[in-house]
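# Examination of the molecular architecture
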Amino acid sequence: MDDRFETAGGWARKGQDHDTPLTAWAQWRALKAHHRAVKDMSLRAAFAQDVGRAERMSAEAAGLYLDYSKNLVTPETLGLLFDLARARGLEARREAMFRGERINRTEDRAVLHVALRAPVGTAIRVDGRNVVEDVHAVLARMGAFAEAVRSRAWLGASGKPIRTVINIGIGGSALGPEMAYHALRPDTHPDLTLRFLANIDGAEFRDVTAGLDPGETLFIVCSKTFTTEETLVNARTARDWCVAALGEKAVARHFVAVSTNREAVAHFGIDPAHMFGFWDWVGGRYSLASAVGLGLMIAIGPEGFAELLAGFRGMDEHFLSAPLETNLPVILGLLGIWYNNFFDAQTLAILPYAHDLARLPAYVEQLVMESNGKHVDESGRAVDYETGPIVWGEPGVDGQHSFYQLLHQGTKIVPCDLIGFCRSRAGLPHHQDLLMANLIAQAEALAFGRSAEELTQAGVAGEQIPFRVCTGNRPTNVILAEALTPRTLGALIALYEHSVFTQGVIWGIDSFDQWGVELGKVLARRIQGELTGATPEGAHDDSTRALIRYYRACRARGD
Ligand code: F6P
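These lines cover the structure that appears in this document, whether it is placed above or below. (Residues numbered from 1 in each chain as written. Predicted model: local features only at pLDDT ≥ 70, side-chain atom pairs only at ≥ 80, totals over all residues. Heavy atoms only, no water.)

Glancing now at the overall build of the protein chain. Along its length, the protein chain carries 21 helices and 15 strands. What you see for the protein chain is a C-alpha radius of gyration of 25 Å, in line with the 24 Å of a compact globule of 559 residues. Along the longest, intermediate and shortest principal axes, the C-alpha atoms of the protein chain span 75 × 65 × 60 Å. Residues counted as buried form 53% of the 559 residues belonging to the protein chain. A fraction of 72% describes how many contacts in the protein chain between residues 6 or more apart in sequence connect residues 24 or more apart. Total accessible area on the protein chain is roughly 24,600 Å²; 54% of this is exposed by carbon and sulfur atoms. Taking the 56 positively charged and 67 negatively charged side chains of the protein chain as two groups, their mean positions are separated by 2 Å. (Helix = DSSP H or I, 4+ residues; strand = E, 2+ residues; numbered from the N terminus. Rg over C-alpha atoms; globule rule 2.2 N^0.38 Å. Buried < 20%, exposed > 50% of the residue type's maximum accessible area, 1.4 Å probe, protein only. Contact = heavy atoms within 4.5 Å. Areas by Shrake-Rupley, 256 points an atom, 1.4 Å probe, with all protein chains shown as cover. Lys, Arg positive; Asp, Glu negative; His and termini not counted. Charge placed at Lys NZ, Arg CZ, Asp CG, Glu CD.)

This part takes up the packing of aromatic side chains. Tallying each qualifying case throughout the model produces 19 aromatic pairs. On the numbers, 4.9 Å between centres and 20 degrees between planes, the contact of Phe-219 with Phe-255 is stacked. Note that Phe-219 is positioned in strand E9 (residues 217-222) and Phe-255 in strand E10 (residues 255-259), a separation of 36 residues in sequence. Taken as a pair, Phe-219 and Phe-255 share a single burial class, namely buried. Pairwise contacts between aromatic rings join Trp-28, Trp-338, Tyr-339, Phe-342, Phe-343 and Tyr-385 into one cluster. Seen from the ring of Trp-154, Arg-253 lies directly overhead, with NZ or CZ sitting 3.9 Å from the centre. (Phe/Tyr/Trp six-rings, centres within 6.5 Å; stacked < 30°, edge-to-face > 60°. Lys NZ or Arg CZ within 6 Å of the ring centre and 35° of its normal.)

Our next topic: the layout of surface pockets. Approximately 1,100 Å³ is the volume attributed to the largest pocket. Around the largest pocket sit 41 residues that line it, and Thr-225, Thr-228, Val-517, Glu-518 and Lys-521 are the ones nearest its centre. Per-element accounting of the lining of the largest pocket gives the leading share, five residues, to helix H20 (residues 518-532). Looking at the lining of the largest pocket residue by residue, the class counts come to 13 nonpolar, 17 polar and 11 charged. (1 Å grid on protein atoms, 1.4 Å probe; cavity = no way out; pocket = protein on both sides within 12 Å on 5 of 7 lines; lining within 4 Å. Points joined across faces, edges and corners; volume = space filled by probe spheres on them. Nonpolar A, V, L, I, M, F, W, Y, C, P; charged D, E, K, R; others polar.)

This paragraph deals with the site of the ligand. In the vicinity of the ligand, 14 residues are found, and the nearest of them are Gly-172, Ser-173, Ser-223, Thr-225 and Thr-228. Between an oxygen atom of the ligand and a side-chain N or O atom of Thr-225, the distance comes to 2.6 Å. Considering the ligand on its own, with 390 Å² of exposed area, one finds that the protein chains cover 87% of that surface. If you map the ligand onto the pockets, it falls in the largest pocket. (Near = heavy atom within 4 Å. Polar contact = N/O pair within 3.5 Å; in protein donor to acceptor, adjacent residues only side chain to side chain. Sits in = over half its atoms within 2 Å of the grid points.)

A separate point is the environment of Val-256. Here Val-256 shows up in strand E10. Residue class for Val-256 comes out buried when judged on its relative accessible area of 0%. With 180 residues separating them along the chain, Val-256 and Met-436 place their C-alpha atoms 41 Å apart.

Interhelical geometry of helix H4 (residues 75-87) versus helix H13 (residues 328-342) gives an angle of 105 degrees and a closest axis separation of 10 Å. On the basis of their axis angle, the class for H4 and H13 is roughly perpendicular. Side by side, H4 and H13 meet where Thr-77, Leu-78, Leu-81, Phe-82 and Ala-85 of the first sit next to Val-330, Ile-331, Leu-334, Leu-335 and Trp-338 of the second. Within the contact of H4 with H13, the residues separate by chemical class into nine nonpolar, one polar and no charged. (Axes fitted to C-alpha atoms, helices over the stretch in contact; angles between N-to-C directions. Parallel < 35°, antiparallel > 145°, perpendicular 65-115°, else oblique.)

Moving on, we come to helix H7 (residues 175-183). Among the nine residues in H7, eight count as buried, and that is most of the element. Among the residues making up H7, those that are buried are Leu-175, Gly-176, Pro-177, Glu-178, Met-179, Ala-180, Tyr-181 and Ala-183. In this fold, the buried residues of H7 make contact with strand E8 (193-197), helix H12 (294-321), helix H14 (360-372) and helix H19 (486-507).

Turning next to unusual backbone geometry. Geometrically, the link from Gly-396 to Val-397 is a cis peptide bond, its omega value of 10 degrees lying close to zero. Summarising the element assignment, Val-397 is placed in the loop between strand E13 (390-392) and helix H15 (404-409). One non-glycine residue, Asp-108, lies in the positive phi region at around 50 degrees. Looking at the element boundaries, Asp-108 is found in the loop between helix H5 (90-99) and strand E5 (125-126). Positioned with a positive phi, Arg-152 is a non-glycine residue whose angle comes to about 70 degrees. Position of Arg-152 among the secondary structure elements: in the loop between helix H6 (131-150) and strand E7 (164-168).

This next bit is on the sheet that holds E10. Pairing is parallel in the open sheet, where five strands are placed in the order E8-E7-E9-E10-E11. Only two strands of the sheet have a single partner each, and these edge strands are E8 and strand E11 (275-277). Averaged over neighbouring strand pairs, the angle between their axes works out to 20 degrees when direction is ignored. The pairing of E7 with E8 spans five bridges and is parallel. Across the sheet, Ile-168 pairs through a bridge with Leu-197, a residue of E8. Each of E9, E10 and E11 is contacted by H6, which is oriented at about 145 degrees to E11, the strand it contacts most. Taken strand by strand, H12 contacts E7, E8, E9, E10 and E11, and its axis lies near 140 degrees from that of E9. (Pairing = 2+ DSSP bridges.)

Read these as spatial facts, not as claims about activity.
Have a look at this one:
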């Protein structure tokens, strides 16, 4: 008898609709039982027993090659994970996102970063309006402005060309363009530099403006809400810095805004004609392809930006249409679930073997942790399973000489994504060969380790052997691409975005809100007044009160 029934999220079985806790679902329990059977599996044995493993456990899409064969999985594990994804309604949910349904339930919003990359002529409707037309209208304005700055048609107030663009923004309004600017250095305009002002620490303002001529500097005040205090304080300080050198009238030539909040932009004193808009259905951490990428577009040009969008789109189309079994973001997401929920892995290491991708770990940190760091499911019920992992990382090979010791011989399981490129755009091909030899060697060493027998055969003294054994069976994904181009970068970002989505659907959480960041902001606003004495001391615990008093006392001594 068929005990399936249809839900908004797809097909479910009786006793496992979305009111049933995830851990009680049959597919979840099957994975639990399977984990007990395979948790001590040996990758050496798995490869020895299956000569086709590497070929079967690899997939390619949108210019990215993913080798996931060095994971602690069997074909049965993968089958069970795909069953779970289907039962949780991943396919239906994915289509709902691409259709513009309001899948961000707690904020009652559509989630349409994919519309930012949709080609002209596509229709995606929100409240009856084709948002793809709006997207391309803004892209056209951004393109015209970027060209004007690049070609020196747009001049500063004193008639000088712009040499430095400073993006003032934080979180999703900084990490994407910053990461991408560093990643795409070979594509950037030779006479223009992009800098990023995010932290409220005055030391950052000092460093970012050091050596600059205000007459050659353009500020992009980038904030989805235009209410983020750090950004607004930095923007005001930047305005004062500009006005002190060039006068009040200069603001119009040296400040533009990126925001969804036209009123607040006008209130700040930036002409809305110099504002580049986006929409509430773009989450901050998913916004690089929107006007948030304006600084990047100025740096790499509209054509480079179009290539980036094409890369995103390639992965979007793959995610939407490929069967789950060959779908890169789905595979990556499900492997993350396997380690996070069944092996109790607490973290995920992002290890780009590319100096230009040095900021990728920071970018993926926000993407994963702000999206999936949630303690309740979509119905508000506390989850009894782990959600998003802690993401961290550094570029290889630097990391090899610092923390890889723990990856190889520590007591914790740390799933790693190793990302590399077959061709360097920096020249020096022999450097690239050595770099990539290290990436491939690390994946091999982590998977297969070095046994006591091998050490003995190599002549290592018996008492040394326990210290030198590397147990192996440490999981990695290897992601390779031809070169780090705008197109490849777009595909890589979309790969991670959709893997985060996949995991959020499995966990049944809202991956698109971020209520957890609010409380600290509210308290900081209150405490700020107490630190300066502008407001009387409020009700706090003993520790908080002592910290405030200590700071005030030090501050008074410094005055
Ligand atoms: O505080 C977190 C956050 O809201 C992020 O989600 C967002 O990317 C960042 O702050 C910046 O917000 P905004 O673009 O509105 O200034």
